[in-house]
Amino acid sequence: MQAYKLNATIDESGHLIIDEPLNIAPGKVEVIILQPVPSLENSTESQPEKPRRKSKVKAFEGLFENAPPTPPDFDPDQARWEALKEKHNL
């Protein structure tokens, strides 16, 4: 399989219009369409801003950025106790 990068447009009726001639053998082809994604600056929808989690350890700075939020009913003392019970087979 050989890949070609072409410039093309889609008209109002949904037809693909290739802007340059192709020099390939006749037959079936697979078409993969990549469409540019609008940047956040141009987006009209405002996304809720995530609270930033800070870390005193430089190696962990980006680690918490993609972490899921902590549930509101999370009890850190209970979590510590559960971890200790598991660690020491209590």
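Residues numbered from 1 in each chain as written. Predicted model: local features only at pLDDT ≥ 70, side-chain atom pairs only at ≥ 80, totals over all residues. Heavy atoms only, no water.

*Asks:* Explain the overall build of the protein chain to me, please; I cannot follow it from the model alone.
*Replies:* Per the secondary structure count, the protein chain includes 1 helix and 2 strands. In the protein chain, the succession of helices and strands from N to C terminus is β-β-α. Split into buried and exposed, the 90 residues of the protein chain put 0% on the buried side. The contacts of the protein chain with a sequence gap of at least 6 include a subset with a gap of at least 24, amounting to 3%. Entry remark: accessible area of the protein chain is about 9700 Å², with carbon and sulfur atoms responsible for 55%. (Helix = DSSP H or I, 4+ residues; strand = E, 2+ residues; numbered from the N terminus. Buried < 20%, exposed > 50% of the residue type's maximum accessible area, 1.4 Å probe, protein only. Contact = heavy atoms within 4.5 Å. Areas by Shrake-Rupley, 256 points an atom, 1.4 Å probe, with all protein chains shown as cover.)

*Asks:* What is the right way to look at the layout of surface pockets in this model?
*Replies:* One water molecule sets the probe size; rolling that probe over the atoms shows where empty space is left. For the largest pocket, the calculated volume is near 970 Å³. Per-class residue counts for the lining of the largest pocket are 17 nonpolar, 4 polar and 3 charged. (1 Å grid on protein atoms, 1.4 Å probe; cavity = no way out; pocket = protein on both sides within 12 Å on 5 of 7 lines; lining within 4 Å. Points joined across faces, edges and corners; volume = space filled by probe spheres on them. Nonpolar A, V, L, I, M, F, W, Y, C, P; charged D, E, K, R; others polar.)

*Asks:* How should I be thinking about a nonpolar patch on the surface in this particular structure?
*Replies:* On the surface, a cluster of nonpolar side chains totalling about 900 Å² of accessible area is made up of Tyr-4, Leu-6, Ile-10, Leu-16, Ile-18, Leu-22, Ile-24, Val-29, Val-31 and Ile-33. Inspection of the secondary structure puts Leu-22 in the loop between strand S2 (16–18) and helix H1 (76–87). (Patch = residues over 30% accessible without salt bridge, like charges linked within 9 Å, V, L, I, M, F, W, Y side chains within 5 Å. Salt bridge = Lys/Arg side-chain N within 4 Å of Asp/Glu carboxyl O.)

*Asks:* Please explain H1 as it appears in this structure.
*Replies:* Given 3.6 residues to a turn, an α-helix orients residues that are three or four positions apart in the same direction. Between its first and last C-alpha atoms H1 spans 16 Å; for 12 residues at 1.5 Å apiece the expected length is 16 Å, and the two agree. Phi turns positive one or two residues past the end of H1, at Asn-89, with a value near 50°. (Expected span 1.5 Å × (residues − 1).)

*Asks:* How should I be thinking about the pattern of salt bridges in this particular structure?
*Replies:* If charged atoms from side chains of opposite charge come close, those side chains can pair. Summed over the entire model, instances satisfying the criterion amount to 2 salt bridges. The shortest N-O distance in the salt bridge between Lys-85 and Glu-82 comes to 3.5 Å. Remark: Glu-82 and Lys-85 occur in helix H1; sequence separation between them is 3 residues, near one turn of the helix. Accessibility expressed as a relative area gives 37% for Glu-82, which makes it partly exposed.

*Asks:* Sorry, what's going on with the environment of Leu-6 here?
*Replies:* As for its position among the elements, Leu-6 is in the segment before strand S1 (8–10). Each C-alpha atom of the pair Leu-6 and Glu-20 lies 7.3 Å from the other, and the pair is 14 residues apart in sequence. With residues up to four places along the chain from it excluded, the contact list for Leu-6 reads Ile-18, Glu-20 and Leu-22.

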